[in-house]
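Fold and contact review
Chain by chain, the residues run as shown.
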Amino acid sequence: MNHRASHRAWLAGGIATALLMLWFVSTGDTASGARLRSDPEALRLLRAAEGAASDTSYEGVQYITSWSRSGMSTTSLVNVAHLPGQGTRMRVESTTAEQGGQMFETADSQQGRGGLTGYTPKMLDLLARNYAVVRAGEGQVCGRPTTIIEARRSDGTAAGRFHIDRATGLMLRRELLDQQGRAVNLTFFTEIRPSPPKTTVLMASAAPQTVETPWTHRLAGADLGALRYRGWPVQSTLPGDLSLYDARQLDSHAPVVHLSYSDGLSVVSVFVQRGTLDPASVAHWHKTTRGGRTVYLRDTVQQRAVWASRGYVYTILADAPPPVVDRAVAALPHGDTGFWGRLGRGLNRLTSWANPFD
């Protein structure tokens, strides 16, 4: 009897110990999960910023800068004017002569794809999936009180930071941060004047020199499947939690496919077209070698890379830190030999049957 009682006591003690250990583990996991949980009010403010960017008449000056692999910065000043229902015009005053003085325009329907125009629902879903989105205090931009929102990694460090104007709901400042907390991409207003339409002078100026091409032919999952069947290199994901969230085609007769990837913070646009690369078009780009293949790089306010492989020309334009761009370039086809080529083929096999918009 004493033996049985001792055994029962040991068994009960063992179970209690196991339950206690489970409690500690689950408590730790719950605390960790709580740290990663997004704040609904922070998500609401980011969601509302897209609507504010479309519905508020304003004009001002934006400052855009990014840091390259070498640590050098590239900067542009952009005069911006927006009229609800008409769209946005931007006059770029770049630090590089070739870009300075250009004017671009976008329609209201093209808002929310980056910069200070807020987040589309898909982009916000990706942000909440990959980061904890939380309020992080108050600040000021252009003398205007703001609510600061941070997108935090699983280790608690900030990967992105946003200032939302408390009066208008506009996003006034956006930062992408590296693991050390340094800004690698920065966009903010140096001047902003929410205003009635009659004071928005820039909208009445001469026609823009460059008008953004409307990529109206949106590709659904079946369209992407058909492109893959015909041999087009269309991937559903890229490294770093970048998911394909939008795909469009310029021309059905001479198609150029525009694939947009994002983790909610970084945006990587991949343009794919059949053909060969004209060396003259990249004569002033930085030429480098990746996996035995030639890649042309250029550091502007958007990271850029161009190369040709297997009968296709690839162009990347990225609003992202250089390491994110490097991993994206590495994952795309680079010929039949070398590490990058094997990596690209492997990723193609892994994603060829995936839902392209998961």
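The sections below set out a description of the structure shown in this document. Owing to the predicted nature of the structure, the values given are computational and were not obtained by experimental measurement.

1. Considerations on the side chain of Glu150
With respect to the element layout, Glu150 can be found in strand S6 (residues 144–152). A distance of 2.9 Å separates polar atoms of two side chains, one belonging to Glu150 and the other to Arg152. If we skip the residues at most four places from it in the chain, Glu150 touches Ala132, Val133, Val134, Ala136, Ala158, Gly160 and Arg161.

2. Comments concerning helix H2 (residues 40–55)
Look at H2: 22 Å from first C-alpha to last across 16 residues, which is about the 22 Å you get at 1.5 Å a residue. Residues of H2 that are buried include every one of Ala42, Leu43, Leu45, Leu46, Ala49, Ala52, Ala53 and Ser54, and no others. Looking at where H2 begins, the residue whose side-chain oxygen comes 3.0 Å from the main-chain nitrogen of Glu41 is Asp39.

3. Observations regarding the pattern of salt bridges
Counted by the stated rule, this structure contains 14 salt bridges. Two residues, Asp165 and Arg144, come together in a salt bridge whose shortest N-O distance is 2.9 Å. With Asp165 in strand S7 (residues 158–165) and Arg144 in strand S6, the pair connects residues that are 21 residues apart, well separated along the chain. A salt bridge links Arg182 to Asp178; its shortest N-O distance comes to 2.8 Å. Since its relative accessible area comes to 52%, Arg182 is described here as exposed. Assessed through its relative accessible area of 15%, Asp178 is described here as buried.

4. Some details on the environment of Leu332
Secondary-structure assignment places Leu332 in the loop between helix H5 (322–331) and helix H6 (338–351). Looking at Leu332, the relative accessible area reads 2%, which means it is buried. For the pair Leu332 and Val270, spaced 62 residues apart in the sequence, the C-alpha separation amounts to 9.6 Å.

5. Remarks on the packing of H2 against helix H3 (residues 121–130)
Axis separation between H2 and H3 bottoms out at 10 Å; the angle between their running directions is 155 degrees. Considered as vectors, H2 and H3 are oriented roughly antiparallel to each other. Considering the relative orientation of H2 and H3, their crossing is right-handed. Where H2 abuts H3, its residues Leu43, Leu46, Arg47 and Glu50 lie against Pro121, Leu124, Leu127 and Ala128.

6. Quick notes on the packing of aromatic side chains
Under the counting rule described, the total for this entry stands at five aromatic pairs. The aromatic ring of Phe188 is capped on one face by Arg173, whose charged end is 4.8 Å from the ring centroid.

Rules and cut-offs
- Residues numbered from 1 in each chain as written.
- Predicted model: local features only at pLDDT ≥ 70, side-chain atom pairs only at ≥ 80, totals over all residues.
- Heavy atoms only, no water.
- Helix = DSSP H or I, 4+ residues; strand = E, 2+ residues; numbered from the N terminus.
- Polar contact = N/O pair within 3.5 Å; in protein donor to acceptor, adjacent residues only side chain to side chain.
- Contact = heavy atoms within 4.5 Å.
- Expected span 1.5 Å × (residues − 1).
- Buried < 20%, exposed > 50% of the residue type's maximum accessible area, 1.4 Å probe, protein only.
- Salt bridge = Lys/Arg side-chain N within 4 Å of Asp/Glu carboxyl O.
- Axes fitted to C-alpha atoms, helices over the stretch in contact; angles between N-to-C directions.
- Parallel < 35°, antiparallel > 145°, perpendicular 65-115°, else oblique.
- Left-handed = near helix turned anticlockwise from the far one by under 90°.
- Phe/Tyr/Trp six-rings, centres within 6.5 Å; stacked < 30°, edge-to-face > 60°.
- Lys NZ or Arg CZ within 6 Å of the ring centre and 35° of its normal.

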